[in-house]
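If you want the building blocks of each chain, they are given just below.
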Amino acid sequence: MNILFLFADQMHAFAMGCMDNAEIHTPHLDRLAAEGVLFRNAYSNAPVCTPYRGTLFTGRYGSQTDMLGNTAAIPTDEATLADCLNDAGYRTSYIGKWHIGDTWNQAVPAELRGGFTDFIGYQAHNDFLTDVWLFDEAGERHVFDKHRTDATTDVAIERLEGIAGEPFAMFVSYQSPHYPVQPSPEYAAMYEGRQLTRRPNCADVEPYTGTHSPPSPKPREDDPNYQRYGGDLDEYLRLYYAMVTQLDANVGRMLAKLDALGIADDTVVVFTSDHGDLRGSHGRTNKGLAWEESSHVPQIVRVPGGRCGVAADGMVSGVDFFPTLLNFAGAPCPTDKEGVDLAPFL
């Protein structure tokens, strides 16, 4: 079967309607859960961008690969997920944020791409409204005058149309809803003025985080992001939910394209996130800590002909994707990988 792997950045597990959150609008993710398996207890092995991605693509823990920092590269002697899928005859494709081996809004050189043969993306850039560009295999920059989430889906759909006639494994990496929370106006309007429920362990902290890509202005009061939500945690939550709803709409676009191309019945679809967002829990913000809000992530897997409408409570984690996806590809999994193969359950 084909594989379409969609993953968010900094989306906690509780930001979906199917996870018993009646305050957020996620109809497409809810539909995906109704058509597949919702893993209610999925966790990031390392709730930071690069370490999670290292585990996803090596099938091993950061303590084994030394991918513990936020600019670590995949060791050259590691057999990656893309390597194994390439050997199985799959067209491997990557779109969007990479954030392995470096950072910033720049091209990813071939030696850092983890074996993916088709690649259009960027390292990391914390802005959704300006400087939206992706770099293709030749390093050519493609500029988009639209929200980063929408642009990422546009490119993914274009690439999907080009490879739909052959076995493929496509990974689409969204930067949303990573701070700074910058939804398009129509999605922000959906939550304007609403009082959203905070986590029970939430403190009234300042949610603003300055970024280094691009650098935040000093003093911070000059930063449009600070002016947008500043010290107002409730406004941060509203904009965060808007970011998730915009991401959900783009997941819907990807699912619709599978249907339009007639390949939905041949394609495993995965949705997850690299880590969560503390958003005031324990008096902290962002991620990087092993607490629930930081490490508990969404995970939905829809398999054609597989389990449907199941909510699974067993604990799973990002390291399990390596053997699971290779099983769906009919490919052997190297013996040094750590995850549990979930394909028989799915």
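Placed above this text is the structure.
For clarity, every value in this text was computed on a predicted model and none was experimentally measured. (Residues numbered from 1 in each chain as written. Predicted model: local features only at pLDDT ≥ 70, side-chain atom pairs only at ≥ 80, totals over all residues. Heavy atoms only, no water.)

Draft legend 1. Structural detail: the overall build of the chain. A count of helical and extended segments in the chain gives 10 helices and 11 strands. Dimensions of the chain, computed from the C-alpha atoms along their principal axes, are close to 50 × 40 × 40 Å. Every one of the 346 residues in the chain was classed for burial, and the buried ones make up 59%. Summing over all exposed atoms, the chain offers an accessible surface of approximately 12700 Å²; the carbon and sulfur share of this is 49%. Averaging the locations of the 26 positively and 47 negatively charged side chains of the chain gives two centres separated by 2 Å. (Helix = DSSP H or I, 4+ residues; strand = E, 2+ residues; numbered from the N terminus. Buried < 20%, exposed > 50% of the residue type's maximum accessible area, 1.4 Å probe, protein only. Areas by Shrake-Rupley, 256 points an atom, 1.4 Å probe, with all protein chains shown as cover. Lys, Arg positive; Asp, Glu negative; His and termini not counted. Charge placed at Lys NZ, Arg CZ, Asp CG, Glu CD.)

Draft legend 2. Seen up close, the packing of aromatic side chains. In total, this model carries 18 aromatic pairs according to the counting rule given. A centroid spacing of 5.4 Å and a plane angle of 80° characterise the contact between W98 and F119, whose relative ring orientation is edge-to-face. Linking W98 in the loop between β3 (91-97) and β4 (118-122) with F119 in strand β4, this pair joins segments that are 21 residues apart in sequence. Judged by its relative accessible area of 0%, W98 falls in the buried class. Residue F119 is classed as buried on the basis of its relative accessible area of 1%. Ring pairs connect the aromatic residues F5, F7, F57, Y94, W98, F116, F119, F171 and F321, which therefore count as one cluster. (Phe/Tyr/Trp six-rings, centres within 6.5 Å; stacked < 30°, edge-to-face > 60°.)

Draft legend 3. Molecular detail of the environment of M16. Within the fold, M16 resides in the loop between β1 (2-9) and α1 (27-34). With sequence-adjacent residues up to four places away left out, M16 is seen in contact with M11, N21, I24, T26, L29, D30, L38, P298 and I300. (Contact = heavy atoms within 4.5 Å.)

Draft legend 4. Focus on unusual backbone geometry. Residue S176 is joined to P177 through a cis peptide bond whose omega torsion reads 0°. Of note, P177 is situated in strand β7 (residues 168-177). Residue P219 is bonded to the preceding K218 through a cis peptide linkage, with omega at 5°. Looking at where P219 falls in the secondary structure, it is placed in the loop between α6 (185-188) and α7 (224-229). Even without being a glycine, Q10 presents a positive backbone phi close to 70°. With respect to the helices and strands, Q10 occurs in the loop between β1 and α1. Accessibility expressed as a relative area gives 0% for Q10, which makes it buried. A positive phi angle is found at D66, which is not glycine, with a value near 65°. Checked against the element boundaries, D66 lands in the loop between α3 (62-65) and α4 (81-87).

Draft legend 5. Focus on the nonpolar core. Grouped together as the largest cluster of nonpolar side chains are 59 residues, with contacts concentrated most on M11, M170, V172, M254 and F271. If you tally residues by element for this core, the top one is helix α8 (residues 233-261), at 14 residues. Excluding its chain neighbours within four sequence positions, the residues that come into contact with V172 are L4, F5, L6, F7, I95, T152, A156 and M254. In terms of nonpolar packing, the next biggest core, distinct from the first, is built from 42 residues, I3, F39, I74 and Y94 among them. (Core = buried A, V, L, I, M, F, W, Y, C linked by side-chain atoms within 4.5 Å.)

Draft legend 6. Layout of the packing of α1 against α8. The contact between α1 and α8 brings their axes to 7 Å, and the two run at 50°. Looking at the two axes, α1 sits oblique to α8. Of the residues in α8, those touching α1 at P27, H28, L29, R31 and L32 are D248, A249, V251, G252, L255 and D259. Of the residues contributing to the contact of α1 with α8, the split by class is six nonpolar, two polar and three charged. (Axes fitted to C-alpha atoms, helices over the stretch in contact; angles between N-to-C directions. Parallel < 35°, antiparallel > 145°, perpendicular 65-115°, else oblique. Nonpolar A, V, L, I, M, F, W, Y, C, P; charged D, E, K, R; others polar.)

Draft legend 7. Representation of the environment of C84. Mapped onto the elements, C84 comes out in helix α4. For C84, a relative accessible area of 10% corresponds to the buried category. Each C-alpha atom, one on C84 and one on F322, is 9.5 Å from the other, the two residues being 238 residues apart in sequence. Filtering out sequence-adjacent residues up to four positions away, C84 remains in contact with F322, L326, A331 and P334.

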